[in-house]
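Examination of the molecular architecture
The lines below spell out each chain.
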Amino acid sequence: VDDGAENLDTSRRMLELAWRDGIRTIIATPHYHPVKGKAGIDRWQAALEAVQTAAGQIDSRIRVLPGCEIWYRQGIEELLLQKKYGPCAAAAMC
C-alpha cells in the first residue's frame, strides 16, 4: 500500500521466492502516519487479505501477519494501547 510490491502479481512472486527459501511466516509492515498516511485502514486491510489469499494458494502453511511501521512520536504507546493508531493499533495487539 505504500512502497512495497507494485501489484499482487509481484507480491505472489515474492511469496513464492520466500517459500522456496524456507520462510513460512511473513509480517506485512506498511508505513502508517496519522496525518500523512495515503492508504486508509480499508485499503490496508483489503491489501493484506489479498496477499494472505495469494499466500494460501502457494501453500496453506504460509502465514502473512498484520504489522505496521509506525511514525514514532511522544505518546505513541498510549495510542497503540487504546487502539487509536489506525491499522498499526490492530497489528500491535496481535
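This structure is a prediction, so every number in the text was calculated from the model and none was measured.

**Regarding the overall build of the protein**
Counting its regular elements, the protein contains 4 helices and 4 strands. Beginning at the N terminus, the succession of helices and strands in the protein can be written as α-β-β-α-β-β-α-α. Put simply, the protein has 94 residues, and 28% of those count as buried. Residue pairs in contact within the protein that sit at least 24 positions apart in sequence constitute 66% of those at least 6 positions apart. Summing over all exposed atoms, the protein offers an accessible surface of approximately 6,500 Å²; the carbon and sulfur share of this is 51%.

**With respect to helix H2 (residues 41-58)**
When the terminal C-alpha atoms of H2 are compared, their 26 Å separation across 18 residues agrees well with the 26 Å that a helix rising 1.5 Å per residue should span. The complete set of buried residues in H2 reads Trp-44, Leu-48, Ala-54 and Ala-55. The buried residues of H2 occupy one face: seen down the axis, they fall within an arc of 125°. Of the exposed residues in H2, the ones pointing more than 90 degrees away from its buried face are Asp-42 and Gln-57.

**Comments concerning the confidence of the model for the protein**
A residue-level look at the protein finds 77% of positions with pLDDT of 70 or above and a mean pLDDT of 82. Within the protein, no element has a lower average pLDDT than helix H4 (residues 86-92), which sits at 57, and none a higher one than helix H1 (residues 8-20), at 96.

**Structural notes on the side chain of Ser-11**
Along the chain, the position of Ser-11 falls in helix H1. Not counting the four nearest positions on each side in its chain, Ser-11 is found in contact with Ala-5 and Val-51.

**Some thoughts on the side chain of Asp-59**
Here Asp-59 is to be found in the loop between H2 and strand E3 (63-66). Polar contacts involving the side chain of Asp-59 include one to the main-chain amide nitrogen of Arg-61, which spans 2.7 Å.

**Remarks on the packing of H1 against H2**
Packing of H1 against H2 leaves a shortest axis separation of 10 Å and a crossing angle of 45°. The orientation of H1 relative to H2 falls into the category oblique. Crossing handedness for the pair H1 and H2: right-handed. Residues Leu-8, Ser-11, Arg-12, Leu-15, Glu-16 and Trp-19 of H1 lie in contact with H2, whose contacting residues are Ala-50, Val-51, Ala-54, Ala-55, Gln-57 and Ile-58. When grouped by side-chain class, the residues that make up the contact of H1 with H2 number 8 nonpolar, 2 polar and 2 charged.

Cut-offs and rules
Residues numbered from 1 in each chain as written. Predicted model: local features only at pLDDT ≥ 70, side-chain atom pairs only at ≥ 80, totals over all residues. Heavy atoms only, no water. Helix = DSSP H or I, 4+ residues; strand = E, 2+ residues; numbered from the N terminus. Buried < 20%, exposed > 50% of the residue type's maximum accessible area, 1.4 Å probe, protein only. Contact = heavy atoms within 4.5 Å. Areas by Shrake-Rupley, 256 points an atom, 1.4 Å probe, with all protein chains shown as cover. Expected span 1.5 Å × (residues − 1). Arc of directions from axis to C-beta. pLDDT = per-residue confidence, 0-100. Polar contact = N/O pair within 3.5 Å; in protein donor to acceptor, adjacent residues only side chain to side chain. Axes fitted to C-alpha atoms, helices over the stretch in contact; angles between N-to-C directions. Parallel < 35°, antiparallel > 145°, perpendicular 65-115°, else oblique. Left-handed = near helix turned anticlockwise from the far one by under 90°. Nonpolar A, V, L, I, M, F, W, Y, C, P; charged D, E, K, R; others polar.

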